[in-house]
Amino acid sequence: MTTTPPPRTPLGSLPPREHLRLGQSATVLDVVIPVHNEERDLEPCVRRLREHLARTFPYGFRITIADNASTDRTPDVAARLDEALDEVTAVRLEQKGRGRALRTVWSLSEAPVLAYMDVDLSTDLNALLPLVAPLISGHSDLAIGSRLSRSARVVRGPKREFISRMYNLILRGSLAARFSDAQCGFKAIRGDVAELLLPMVEDTGWFFDTELLVLAERAGLRIHEVPVDWIDDPHSTVHIVRTAADDLKGVWRVGRALATGGLPLDRLVRPFGDDPRDRELTGVPGGLARQLVGFCVVGGLSTLLYLALFSLFRLGVGAQLANAAALLVSALANTAANRRLTFGVRGRDRAVRHQAQGLVVFAIGLVLTSGSLMALDAAGGTAAHGTELAVLVAANLAATVLRFLLFRAWVFPDRERRDDLTAAPHPSHDRNGLTRNGLTRNDLTRSAR
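Once a new chain begins, its residue numbering starts again from 1 and follows that chain's sequence as written. Given that the model is predicted, a residue must reach a pLDDT of at least 70 before its local features are reported, and side-chain atom pairs must reach 80 or more before they are shown or counted; all residues, however, enter totals for whole chains, interfaces and linings. Each side-chain value is derived from all of the structure's non-hydrogen atoms; neither hydrogens nor water enter the calculation.

Trainee: Describe the environment of Arg 17, listing the residues and the values that go with them.
Mentor: Labels follow the DSSP assignment, with helices taken as runs of H or I lasting at least four residues and strands as runs of E lasting at least two, numbered in each case from the N terminus. Relative to the helices and strands, Arg 17 is located in the segment before strand 1 (29-35). Sequence separation of Arg 17 and Ile 136 is 119 residues, and the distance between their C-alpha atoms is 9.9 Å.

Trainee: So what about empty space enclosed by the protein? Which residues, and what values?
Mentor: Definitions used for this entry: grid spacing 1 Å over protein atoms alone; cavity, a set of points where a 1.4 Å probe fits but cannot get out; pocket, an open set with protein on both sides within 12 Å along at least 5 of 7 lines; lining residue, one with an atom within 4 Å of a point. Grid points are joined across faces, edges and corners, and a volume is the space filled by probe spheres set on the points. Scanning all chains against the criterion turns up three cavities of 30 Å³ or more. In this structure, the largest cavity spans a volume of roughly 50 Å³. Contributing to the lining of the largest cavity are Met 117, Asp 118, Asp 120, Leu 121, Ser 122, Thr 123, Gly 185, Phe 186 and Trp 230. Only Asp, Glu, Lys and Arg are considered charged, only Ala, Val, Leu, Ile, Met, Phe, Trp, Tyr, Cys and Pro nonpolar, and every remaining residue, Gly among them, polar. Residue composition of the lining of the largest cavity, by class: four nonpolar, three polar and two charged.

Trainee: Lay out helix 12 (residues 385-411) with the relevant residues and their values.
Mentor: What a helix should span is 1.5 Å times the count of its residues minus one. Taking 1.5 Å per residue as the helical rise, helix 12 with its 27 residues ought to reach 39 Å, whereas the 34 Å between its terminal C-alpha atoms falls clearly short. Accessibility here uses a 1.4 Å probe with only protein chains present; expressed as a share of the type maximum, an area under 20% marks a residue as buried, one over 50% as exposed, and anything in between as partly exposed. The set of residues buried in helix 12 consists of Glu 388, Leu 392, Ala 395, Asn 396, Ala 399, Arg 403, Phe 404, Phe 407, Arg 408 and Val 411.

Trainee: Account for the sheet that holds strand 2 (residues 61-68), naming residues and giving values.
Mentor: We treat two strands as partners when DSSP finds at least two bridges between them. Read across the sheet, seven strands follow the order 3-2-1-4-7-5-8 without closing on themselves; strand pairing throughout is mixed. The two strands at the open ends of the sheet, each matched to only one other strand, are strand 3 (88-93) and strand 8 (223-227). With strand direction ignored, the average angle separating the axes of adjacent strands in the sheet is 20°. Along the sheet, helix 1 (residues 42-56) makes contact with strand 1, strand 2, strand 3 and strand 4 (113-117), crossing strand 2 at roughly 160°. Geometry is summarised by axes, namely lines fitted to C-alpha atoms with helices restricted to the contacting stretch, and by angles between N-to-C directions that run from 0 to 180 degrees. The contact rule is simple, with two residues in contact once any of their heavy atoms fall within 4.5 Å.

Trainee: Which residues make up the packing of helix 10 (residues 319-342) against helix 11 (residues 351-378), and what values go with them?
Mentor: Running from N to C, helix 10 and helix 11 point in directions that differ by 145°, and their axes come no closer than 9 Å. Crossing of helix 10 against helix 11: the hand is right-handed. The segment helix 10 lies against helix 11, with Ala 319, Gln 320, Asn 323, Ala 324, Leu 327, Leu 328, Ala 331, Leu 332, Thr 335, Ala 336 and Arg 339 engaging Ala 351, His 354, Gln 355, Gly 358, Leu 359, Phe 362, Gly 365, Leu 366, Thr 369, Ser 370, Leu 373 and Met 374. Of the residues in the contact of helix 10 with helix 11, the class split is 13 nonpolar, nine polar and one charged. Each crossing is labelled by how the near helix is turned from the far one, with a counterclockwise turn of less than a right angle marking it left-handed and a clockwise turn marking it right-handed.

Rendered as structure tokens:
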């Protein structure tokens with residue numbers, strides 16, 4: 001069966017985050033349970049979850065079993081539950097991969113709130129309503145269960161505890177992630193957010209939700225964390241070593257894409273337009289505090305690079321030539337770093353112009369530092385190397401203040417940064433070729449039978 005997919009919402013026209021209009025949808029929450037060869041645990045899990053939702057969740061809900069290429073009796077169990085329970089739907093995918101199953105079902109679901117949980121129900125179900133409530137109210141865009149929160153209560157072996165904490169330390173150190181628990185199989189997302197984020201996620205396996213969270217965080221979306229009570233399943237079929245290796249490959253891929261500007265984050269940054277930092281207020285420079293912090297960090301690193309280069313060049317040439325060469329190299333690096341990190345300009349557009357303007361700022365700094373060296377020479381005698389460095393540091397401090405003002409007002413003005421964030425067109429399809437392709441939920445439902 002072929003149907004016409006619903007029109008996609010143009011990027012940038014999504015409304016501000018707000019309380020969901022629950023009366024417009026009979027099904028408010030769609031809880032997906034991705035399974036592969038789970039014939040033993042599937043039925044008790046689904047029945048327990050359905051009973052809990054019927055008793056505690058005040059809105060319409062659906063439980064979707066996403067069977068990804070099971071080879072045991074899991075499809076038969078899913079089909080039987082689909083037939084017996086009105087709130088349960090079974091979906092069969094012929095390719096394995098938890099991420100692929102989640103993306104497929106979430107992409108086709110019309111529910112305004114989408115969630116998933118592992119079939120072993122290791123997480124206490126009492127955390128489900130606190131997980132989705134901030135998404136319904138409009139407070140947050142995504143929500144995750146956290147086993148690493150101080151108020152979480154967790155029972156599991158030392159090996160899994162160590163791997164989980166090490167993995168999250170790696171995410172914090174390599175991808176600057178601020179969420180606390182990427183691997184907990186207990187997450188939720190608003191449907192309108194999922195429509196925007198899912199086409200950007202490449203992974204189809206266990207790294208899927210980590211990549212989703214990193215993209216969301218880098219896009220400025222709000223991630224709500226819920227401390228959970230969690231009991232390790234001793235019969236889990238997850239291959240820890242292979243999963244950890246795949247996760248590390250995913251961290252490397254996403255980290256490299258972030259470093260090289262390969263991710264189209266300009267299509268995602270604050271798409272809902274409700275960030276108070278985006279508001280233009282008279283007399284309040286937008287983002288000034290954040291820019292000052294970024295500029296100071298970049299400036300400190302650039303100064304260290306400059307001093308190291310000056311000391312290196314000074315071994316073979318005079319002070320003036322060493323100063324000019326060191327300042328030129330550090331200025332190019334400083335402009336590139338401030339362009340990306342401080343002022344949020346991404347992509348290659350106008351990069352050459354920005355470097356040219358940065359060289360003008362460099363020339364002003366060169367005049368200040370060279371003038372300081374000339375004044376030191378004019379004072380008489382041969383100055384010690386330590387004295388030269390002290391004079392150059394003082395001159396660079398003065399040049400730094402002027403450089404920030406020129407960068408902010410001339411090289412990277414606010415209007416230009418806003419243009420960079422809104423210029424990219426909305427993607428018409430998934431980068432992996434996963435689109436709606438005329439499919440509806442009914443095309444996948446009951447295929448297990």
